[in-house]
Amino acid sequence: GVMGFYTGWWPGLAGKIPSYALTWTLFQQLKRVNLRILHRTPTDIENAAMGCLASATAVCVMIPMDTIKTRLVTQLNYPDLIPYKGIVDCAIRISKEEGVRAFYRGLTPRLCSVVPMIGIQFGVYEFMKKVVVERDVSGSGGVK
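Every chain begins its residue count from 1, and numbering advances along the sequence as written. Reporting in this predicted model follows two pLDDT cut-offs: at least 70 for local features of residues, and 80 or more for side-chain atom pairs to be given and counted; totals over whole chains, interfaces and linings ignore these cut-offs and use all residues. Calculated side-chain values reflect all of the structure's heavy atoms, with hydrogen atoms and water omitted.

(A) Here's a closer look at the packing of aromatic side chains. Ring pairs are drawn from Phe, Tyr and Trp, using the six-membered ring of Trp, whenever the two centres fall within 6.5 Å, and their geometry is named by plane angle: stacked under 30 degrees, edge-to-face over 60, tilted for the rest. This model, assessed by the stated rule, comprises 4 aromatic pairs. Pairing Trp24 with Phe122 gives two aromatic rings, centres 5.4 Å apart and planes at 35°, and the pair type is tilted. Pair noted here: Trp24 is in helix α1 (residues 9-38) and Phe122 is in helix α4 (residues 107-137), with a separation of 98 residues, a long-range link. Each residue is placed in one exposure class: buried if its accessible area under a 1.4 Å probe, protein chains only, is under 20% of its type's maximum, exposed if it is over 50%, and partly exposed if it falls in between. You can call Trp24 partly exposed: its relative accessible area is 37%. Relative to Phe122, the ring of Phe27 has its centre 4.1 Å away and its plane inclined at 25°; by these criteria the two rings are stacked. Of this pair, Phe27 sits in helix α1 while Phe122 is found in helix α4, placing the two residues 95 residues apart along the sequence. A relative accessible area of 0% places Phe27 in the buried class. Relative accessible area serves as the criterion here: at 4%, Phe122 is assigned to the buried category. One aromatic cluster in this structure is built from Trp24, Phe27, Phe122 and Tyr125. Counting from the N terminus, the helices are DSSP H or I runs at least four residues long and the strands are E runs at least two residues long.

(B) Here's a closer look at helix α2 (residues 44-74). A helix is expected to span 1.5 Å multiplied by its residue count minus one. Taking 1.5 Å per residue, 31 residues should reach 45 Å; α2 reaches only 39 Å between its end C-alpha atoms and comes up short. By the largest-angle criterion, Met62 marks the main kink of α2, which is about 50°, and a proline, Pro64, follows within four residues. A residue's bend is the angle separating two fitted axes: one through the seven residues that end there, the other through the seven that start there.

(C) Up close: the confidence of the model for the chain. With 94% of its residues at a pLDDT of 70 or more, the chain has an overall mean of 90. When pLDDT is averaged over each helix and strand of the chain, the minimum, 89, is found for α1 and the maximum, 95, for helix α3 (residues 87-98). Scored from 0 to 100, pLDDT records how confident the predictor is in each individual residue.

(D) Spatial organisation of the packing of α2 against α3. Orientation of α2 relative to α3, taken along the N-to-C sense of each, is 105°, at an axis distance of 10 Å. Classified by the angle their axes make, α2 and α3 are roughly perpendicular. Across the interface between the two elements, Met65, Thr67, Ile68, Arg71 and Leu72 from α2 touch Ile87, Cys90, Ala91, Ile94 and Glu98 from α3. Three residue categories are used. Nonpolar comprises Ala, Val, Leu, Ile, Met, Phe, Trp, Tyr, Cys and Pro, charged comprises Asp, Glu, Lys and Arg, and polar comprises the others, including Gly. Its residues placed into classes, the contact of α2 with α3 shows 7 nonpolar, 1 polar and 2 charged. Axis lines are fitted to C-alpha atoms, over the contacting stretch for helices. Their N-to-C directions set the angle, which ranges from 0 to 180 degrees. To sort the angles, those under 35 degrees are grouped as roughly parallel, those over 145 as roughly antiparallel, those from 65 to 115 as roughly perpendicular, and the leftovers as oblique. The contact criterion used throughout is that any non-hydrogen atoms of two residues lie within 4.5 Å.

(E) Main features of the packing of α2 against α4. Interaxial distance between α2 and α4 falls to 7 Å at its minimum, and their mutual angle equals 140°. The pairing of α2 with α4 is recorded here as oblique in orientation. For the pair α2 and α4, the sense of crossing is right-handed. Where α2 abuts α4, its residues Asp44, Asn47, Ala48, Gly51, Cys52, Ser55, Ala56, Val59, Cys60, Ile63 and Asp66 lie against Leu107, Arg110, Leu111, Val114, Val115, Ile118, Gly119, Phe122, Gly123, Glu126, Phe127 and Lys130. Residue classes in the contact of α2 with α4 are distributed as 13 nonpolar, 5 polar and 5 charged. Left-handed describes a crossing whose near helix is turned anticlockwise from the far helix by less than a right angle; the clockwise case is right-handed.

(F) Region of interest: a nonpolar patch on the surface. Patch membership requires over 30% relative accessible area and the absence of a salt bridge. Like charges are linked within 9 Å, and nonpolar side chains (Val, Leu, Ile, Met, Phe, Trp, Tyr) within 5 Å. Note on areas: Shrake-Rupley, 1.4 Å probe, and residue coverage restricted to the protein chains presented here. When a carboxyl oxygen of Asp or Glu is within 4 Å of a side-chain nitrogen of Lys or Arg, the pair counts as a salt bridge. There is a patch of nonpolar side chains on the surface, built from Val2, Met3, Phe5, Tyr6, Trp9, Trp10, Leu13 and Ile17 and spanning about 1000 Å² of accessible area. Look at Trp10 and you get exposed, because its relative accessible area is 60%.

(G) Local environment of the pattern of salt bridges. If you walk through the whole model with that rule in mind, you get 10 salt bridges. Measuring nitrogen to oxygen at the nearest pair gives 3.3 Å for the salt bridge that ties Asp66 to Lys69. Highlighted residues: Asp66 and Lys69, both in helix α2, separated by 3 residues, approximately one helical turn. In this structure Asp66 comes out as buried when scored by relative accessible area, which is 12%. Where Glu126 meets Lys129, a salt bridge forms, and the shortest distance between an N and an O atom there is 3.3 Å. One end of the pair, Glu126, and the other, Lys129, are both in helix α4, 3 residues apart, so they sit about a helical turn from each other. Connected through shared salt-bridge partners, Lys31, Glu126 and Lys129 make up one network.

See below:
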């Protein structure tokens, strides 16, 4: 029924919000380190590289939750398997039945897809932020 559209909603939310928060926090920390070391604001390329590094780190930290989410969402496709009862049951069973490495099985493709995307996102975001600030400072950006 209609509730089928929301299968996996909680695990998905539980994985995405902390992942985005972690990526953003790591990126901001990398910008601070960059400023402390180089004594200047980062270039657009450096922002993109720091976005890549922040997202790669966040993916490595968060992929176990993503694995759990994927298992919970797709378990209806495997009626012969004993269904997971929830997030904790899924985590415990994967760990016991397949080992901790099972949580990281999809790490390489995830890194290949997420890291460039987030790197570009942060590079463009920081570039556009500068454009908007410069436009506002010059007085040509305000609506009167």
